[in-house]
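Listed below are the residues making up each chain.
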Amino acid sequence: MTVPRIPIAEPVLGEEELANVVEAVRSGWISSLGAFIPEFERTFAAFCGAAHGIAVANGTMALHLALVAAGVRSGDEVLVPSLTFVATPNAVTYCGARPVFVDSSPETWQLDARALEAKLTPRTKAIMPVHLYGHPCDMDPILELAERHGLAVVEDAAEAHGAEYRGRRVGALGRIGCFSFYGNKVITTGEGGMCVTNDAALAEHLRLLRDHGMDPKRPYWHEVIGYNYRMTNLQAAVGVAQVKRLPGFIDKKRQIARWYEKSLAPLAQAGRVRLHVEAPWAKSVFWMYSVLLADTRVPLNEVRRALAERGVDTRPFFHPAHVLPPYATGERLPVAEDLAGRGLNLPSSIGLEQDQVERVVQALVEALEG
Ligand SMILES: *Cc1c(COP(=O)(O)O)cnc(C)c1O
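We now turn to the structure provided with this report.

Conventions and cut-offs
Residues numbered from 1 in each chain as written. Predicted model: local features only at pLDDT ≥ 70, side-chain atom pairs only at ≥ 80, totals over all residues. Heavy atoms only, no water. Helix = DSSP H or I, 4+ residues; strand = E, 2+ residues; numbered from the N terminus. Buried < 20%, exposed > 50% of the residue type's maximum accessible area, 1.4 Å probe, protein only. Contact = heavy atoms within 4.5 Å. Areas by Shrake-Rupley, 256 points an atom, 1.4 Å probe, with all protein chains shown as cover. Lys, Arg positive; Asp, Glu negative; His and termini not counted. Charge placed at Lys NZ, Arg CZ, Asp CG, Glu CD. Pairing = 2+ DSSP bridges. Axes fitted to C-alpha atoms, helices over the stretch in contact; angles between N-to-C directions. Near = heavy atom within 4 Å. Polar contact = N/O pair within 3.5 Å; in protein donor to acceptor, adjacent residues only side chain to side chain. Nonpolar A, V, L, I, M, F, W, Y, C, P; charged D, E, K, R; others polar.

1. Some points on the overall build of the protein
For the protein, the count of helices and strands is 10 helices and 14 strands. Each of the three principal axes of the protein carries a C-alpha extent, and together these read 70 × 55 × 35 Å. The proportion of buried residues among the 370 residues of the protein is 55%. At a minimum sequence separation of 6, the contacts of the protein that also span at least 24 residues come to 71%. In the form shown here, the protein has an accessible surface area of approximately 15800 Å², with 54% of it arising from carbon and sulfur atoms. Where the 38 positive side-chain charges of the protein centre and where its 42 negative ones centre are 1 Å apart.

2. Side note on the sheet that holds strand 5 (residues 152-156)
The strands making up a sheet associate through hydrogen bonds between their backbones, and the pairing can be parallel or antiparallel. An order of 1-9-8-5-4-2-3 is seen for the seven strands of this open sheet, with the pairing classed as mixed. In this open sheet, the two strands that pair with only one neighbour each are strand 1 (52-56) and strand 3 (98-102). On average, each strand axis in the sheet is tilted by 25° relative to the strand beside it, whichever way the strands run. Where strand 5 meets strand 8 (residues 176-180), three bridges bridge the pair, whose relative direction is parallel. When the bridges of strand 8 are listed, Glu155 appears paired with Gly177. Running at roughly 55° to strand 9 (residues 193-197), helix 2 (residues 36-48) makes contact with strand 1, strand 8 and strand 9 of the sheet.

3. Focus on the site of the ligand
Near the ligand you find 15 residues, and of these Gly59, Thr60, Glu159, Ser180 and Lys185 are the closest. Between Ser180 and the ligand, the recorded distance is 2.7 Å, taken from a side-chain N or O atom to an oxygen atom. Lys185 places a polar side-chain atom, nitrogen or oxygen, 3.1 Å from an oxygen atom of the ligand. For the ligand, whose free accessible area comes to 380 Å², the fraction covered by protein is 92%. Going through the elements one at a time, helix 3 (59-69) and helix 4 (87-94) are the ones with two or more residues in the shell around the ligand. No other element matches helix 3, which puts three residues into the shell around the ligand. Looking at the shell around the ligand residue by residue, the classes come out as five nonpolar, seven polar and three charged.

By themselves, these observations are geometric and do not establish any function.
Written out as structure tokens, the structure reads:
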């Protein structure tokens, strides 16, 4: 008997997305002019509590653009968590700067603010907190340290649309917040990204950099070296419809997390897994519902294989960037390494139902028996 596969994360697209794309095609405005782009920027930035949104072609470009606008240059250092998707340190490298890796907090799995100070040098220019798997970072100590040392804070919020830190949505907590709208993110435009900020001059500079550095009042006059990082109106057409559904998507993600917590309670109480518990100051959007195996009696890869045999799609955590070939220096960051060795993302699609969550957990119970 074959059971239907439960994928890790599937987008939910509907009639409004389709109608908007049709409208964009009919209008002939399919590149980066067209009415859906400003509407998407306005509605998504407003959702984040930010005054300005600058849509770009993907999340990695949002990170790169933000760092350039924040003044990160060749020879600078930027503090990043090692446990993140590789796009975070890569964006630093694109600036000619060096990512300096910081360990994670064992409680929240986020950038450990207590570990930042020891990594500061006279070259440190910025900090990039990453709200990993939808849970916000503990921002106050990060912002306080940045303030004290005159550093820019660029949030990598690619996995955390709508997550809240002490009642405020992520993205507008630092100088610039960066989002991704890749197909498996909380909302999607196929490929896509956005920078949000409350600083009007910075927003204008981000727009300039996004469009070849061209003076908006003087055609083909380029004061700086910019980029073509523009989003298309077709992507924004999908985005406008997705933003409207975002509050509902977040409610559903949190519902899925409660179903997982309930089903996983016996495994957690038996000490076989650890759940991704929300910090008291956090509202997580549970982009990927994740657990840590308490021990590796059954190795992670074998657990994943056993789950796959039962039709359950999973992902391991990211490898900590400081062990990847481009960045490996032999440095040890024990918490990031430990989390990466034991962490598992479970199916987290918006469309998931409670019986599917129970099937995933039953499969995990069996997989852990070895
Ligand atoms: C997805 C992701 C990115 C990159 O976004 P793309 O749109 O795929 O370029 C950056 N950082 C993190 C943490 C991500 O999860």
